[in-house]
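# A look at the structure
In case you want the letters, here they are:
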Amino acid sequence: MIRSALILGSGPIVIGQAAEFDYSGTQACLACREAGVRTILVNSNPATIQTDPSSADAVYIEPLTVESVEEIIARERPEGLIATVGGQTGLNLAVALSEQGVLTHYGVRLLGTGLEAIQRGEDRALFAETLRAAGQPILPSVAVCSVREALEAAKEIGYPVMCRSAFALGGAGSGFAADTIELQRQVSLGLQASGSGQVLIERSVRGWAEIEYEVVRDADSNCMIVCNMENVDPMGVHTGDSIVVAPSQTLDDEEYQMLRRAARRVVDALGVEGACNVQFALDRASRTYYVIEVNPRLSRSSALASKATGYPIAKVATQIALGRTLPEIRNDITGTSAFFEPALDYVTVKIPRWPFDKLAVSRTIGTRMRSTGEVMAIGRSFEEAMRKALRSLDLKPATYATECRDQLLREPNGDRLPIMLDALADGWEVDRVVALSGIHPWFVDRLAAVACPKTASEQVYKMVDTCSAEFEARTPYFYGTAARGENEAIPLPGPKAIILGAGPIRIGQGIEFDYATVHACKALTEYGVRSIVINNNPETISTDYSTSDRLYFEPLDVEAVSAVIQNEADGLLGVIPQFGGQTAINLIEPLQELGAPILGTSPESIDIAEDRAKTSALLNDLDIPAPSWRSISRWEDLGEAIEAVGLPALLRPSYVLSGQGMIVVRTRDDVQRYLDEKSAHSLDKPLLIDAFLEGAVELNVDAVSDGEDVVLVVLEQIEECGAHSGDSTDVYPVQTIDDQTVECVEKLTRRIARSLHIVGLMNVQYAVHGETVYVLEVNPRASRSVPFASKATGIPLAALAVRVILGAKLHDLDIPPARVDRICVKRAVFPWETFPELPPLLGPQMQSTGESMGSGCTYAEAYWKSLLGARVKHLPFGRTVCVSLPEHDPALIDLLQDAGCTAVPPDSAGIDDLGMAIVLDRSPEALALLGRAAAAGVPCITTPGALAGLVRALREGHSSWQGEVEEGAA
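Everything numeric here is computed off the predicted structure, so don't read it as measured data.

### Topic: the overall build of the protein
Secondary structure assignment for the protein yields 31 helices and 37 strands. Since a compact globule built from 970 residues should have a radius of gyration of about 30 Å, the 27 Å found for the protein is in line with a globular shape. Along the three orthogonal principal directions, the C-alpha set of the protein runs to about 75 × 70 × 65 Å. Among the 970 residues that make up the protein, the fraction classed as buried is 64%. Within the protein, residue pairs in contact and separated by at least 24 positions form 70% of the contacts whose partners lie at least 6 positions apart. Carbon and sulfur atoms provide 48% of the accessible area of the protein, an area that totals close to 33,900 Å².

### Brief notes about the pattern of salt bridges
Where charged atoms from two side chains of opposite charge approach closely, those side chains can pair. Considering all chains together, one arrives at 45 salt bridges under this definition. Residue Lys350 pairs with Glu374 through a salt bridge whose shortest N-O separation is 4.0 Å. Of this pair, Lys350 sits in strand β15 (residues 347-353) while Glu374 is found in strand β16 (residues 373-379), placing the two residues 24 residues apart along the sequence. Both residues of the pair, Lys350 and Glu374, belong to the buried class. Linking Asp637 and Arg634 is a salt bridge whose minimum nitrogen-to-oxygen distance equals 2.9 Å. When its relative accessible area of 23% is taken as the criterion, Asp637 is described as partly exposed. Here Arg634 falls in the partly exposed class, since its relative accessible area comes to 46%. Members of the salt-bridge network, linked through shared partners, are Glu34, Lys315, Arg330 and Asp332.

### Considering the pairing of strand β19 (residues 496-500)
Of all the five residues making up β19, five are buried; the element is thus mostly covered by neighbouring parts of the structure. Strand direction decides the pairing type here: β19 and strand β20 (residues 530-535), joined by five bridges, are parallel. Residue pairing for β20: Ile498 is matched across the bridge by Ile532. Here four bridges tie β19 to strand β22 (residues 572-576), and the two strands are oriented parallel to one another. Bridging across to β22, Lys496 finds its partner in Leu572.

### Some thoughts on the packing of aromatic side chains
Tallied over the entire structure, the rule returns 16 aromatic pairs. With a centroid separation of 5.9 Å and 40 degrees between ring planes, the pair formed by Tyr213 and Tyr256 is classed as tilted. With Tyr213 in strand β10 (residues 209-217) and Tyr256 in helix α9 (residues 253-270), this residue pair connects regions lying 43 residues apart in the sequence. When its relative accessible area of 0% is taken as the criterion, Tyr213 is described as buried. Clustering of aromatic rings is evident, with ring pairs tying together Tyr213, Tyr256, Phe280 and Tyr289. One residue, Lys307, lies across the ring of Tyr23, its end atom 4.2 Å from the ring centre. One Lys or Arg, Arg432, reaches over the ring of Trp428 and ends 3.5 Å from the middle of that ring.

Reading the values: rules and limits
- Residues numbered from 1 in each chain as written.
- Predicted model: local features only at pLDDT ≥ 70, side-chain atom pairs only at ≥ 80, totals over all residues.
- Heavy atoms only, no water.
- Helix = DSSP H or I, 4+ residues; strand = E, 2+ residues; numbered from the N terminus.
- Rg over C-alpha atoms; globule rule 2.2 N^0.38 Å.
- Buried < 20%, exposed > 50% of the residue type's maximum accessible area, 1.4 Å probe, protein only.
- Contact = heavy atoms within 4.5 Å.
- Areas by Shrake-Rupley, 256 points an atom, 1.4 Å probe, with all protein chains shown as cover.
- Salt bridge = Lys/Arg side-chain N within 4 Å of Asp/Glu carboxyl O.
- Pairing = 2+ DSSP bridges.
- Phe/Tyr/Trp six-rings, centres within 6.5 Å; stacked < 30°, edge-to-face > 60°.
- Lys NZ or Arg CZ within 6 Å of the ring centre and 35° of its normal.

Pasting the structure below:
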């Protein structure tokens, strides 16, 4: 067996590549450690558990580029490389390292699924050739590298056709084309998105059934099916955006066995060693099937299958990569060999969570993935699991015009499921819904039952044991059901505490809350307190059965949480909500009314912090500067409030996530447009109108308080005031703020924490305007910047929060001093490629999906590495750069030319040759160019702060990979 392995992460959270790869990468580190293999982990994402110092023997928070990884390989000299747990990013990087001779030069062996198998699975031409040789049916298809070749292929195959990009993430660049005009547009996008400049043109089977099999295979050709899954939505919707049920519900035994045999043959033909996902299209009338796609790596489906079955796919796949065979690998739950297929006596349902409630974009879904996350629910029947999944989405009920139902059911979109339920509840016939949607009658018939109101019934809890009780098994993984039977979740002995998770990943509430939850579990264990997690996100580490002492895979609503509290009442210290984002915070009031004990900051203090008007009143009482403000509870009072505060003004709702509903109004016309849009809905929470501090510098403070003492980290945001803190670039330590101002911020944070009696985590946002420091916002919980602040400083904020929640005092704890020997930068990553209709401009509503971190000896080096780590497709140097500034800046032009760029204005910039867009001007021409650039994946600089960072990087010569990699996240 090898002695050391390099593990590639997946980089920032983006649509199509989310928390499931933190889960798989962390499992890989654990499996290597258990096997005695030294692990070296590289990833640019600071919000992950895998980039904690304790996750691997050596952790590098560095860009996932050939240059930086080669430097790490030269320094660490690993014997092997594990690339299959890092999503498409890790897979593409491994191929690039091999093709550029890096692996051969340093004698690094690709572990698990080899390069040849990866290329057979990812290269569309090789894939087709391999499957034909194995006797497996694939659609008539041609791999092309140009639009001209695509037109010729489509003429041969016949329209409509499906276009699939090779080596692409989340269906990027893929889509249907019904004629030559659509094909030219689609292939142009596909070639741009492809990692190898190749697109597959294939016959369309839109409307067929889509079935997936999750397969594990070892080097001895031992092969097993972990789980099969059925997409409720027919072919034409990306599987990441489809409702999925496991196990399949509508396949008869002949169809199931036919596809099962085919999945094994496909994986054998490719030569996979590890985990693999095989997708089929099935025509039920003729029992004809085609192999559509294979992912020769861990995927989001792998995470779903793991949580649906309790089978640790990533851990087993890593052990296979290290050279063990399936019969040799032990199953942690049953104590038997891992070479057995899980048996399920329940049903799981996955529903995607789209950002349509946050972003003003089209709600249509198709072959390119658009969801940010997903929920999973477990029940004894499809209906029970579906009801629980719907509750888990954490969405407000929407209303739909009856006359629009036909069209909305016909075209796949994010609203189709609730519209279908509404129609069935109103008495629509099942056949009518089936004809419009193309969804199988069995599902529609069961959804009709879901649409009928159901009274709540008493819950019992069943164990997820992977074997339907065929073996003696013990696992701390449970789900609630109304089915009769024995309660298998015998209450844990105390002391114990319940941690509320954050639910599905969405914009504003992502993997950082999973990070906090996992650290909370570890800290509780250290104090001898049993940890109980309630969550419904199948992608996360917090929902792995090995993370907490007990896991309840349940909706995060009052009904489900109160039932768990009742089941675990004996010896329960209380509920910890502050690690679960806004979802958990919003449960505090109803749980308190039910008498549930809340640990940490009191519900009364949380209400003061969450209610904008109460926060402003508290600051006024403390004589702490805040922008002038008014609070209204009726739309009729908005004009008077604006008059009192003045323009520009910031309108801020209470109890919202990531700036939802916030807007800066600069003119009377802006105010009227806002009223026209919102006044049809009543104000159920106060609306705060703040004076907007134009040009202020914002500071973001994460703090832990024990009610008296405070430990805090001050981060500076380089974007101007008005950009949401989650979208702004953070830097630690502060760069432009003097020591006196920092001391003022520290004093104000301590005063606020003591006044609110904060116990645990708190986030405060400040604006420095002239000589005055203003408080903008107080969040009485973990924030999205906690992981970055912890890794930049070396202070374990989440763990400290748990200790003070349990009664410890900060002055009694061994807290390391904040690290100040390097500069760290956190850069946001945006979904502008996925949503080209979204203006690529920053504002008070958060839009980013993830983040990268760069660190270095200088700010310029750290900023440049954060740019490299933020999934930038290509660097601008040696290419054209569009420059559009309010005033011409000859010094910037000279800098760009010194770096080998050609600087041009927006009216002469062609997207194909564009390496970067620097657009601070807001002219129509500049904004139109900016939108096209963002949609094409071109890096965009749109704020003075970001431009200043780029200028400093250029002046220090950072026009390519420069600087040394640094071991250690803290």
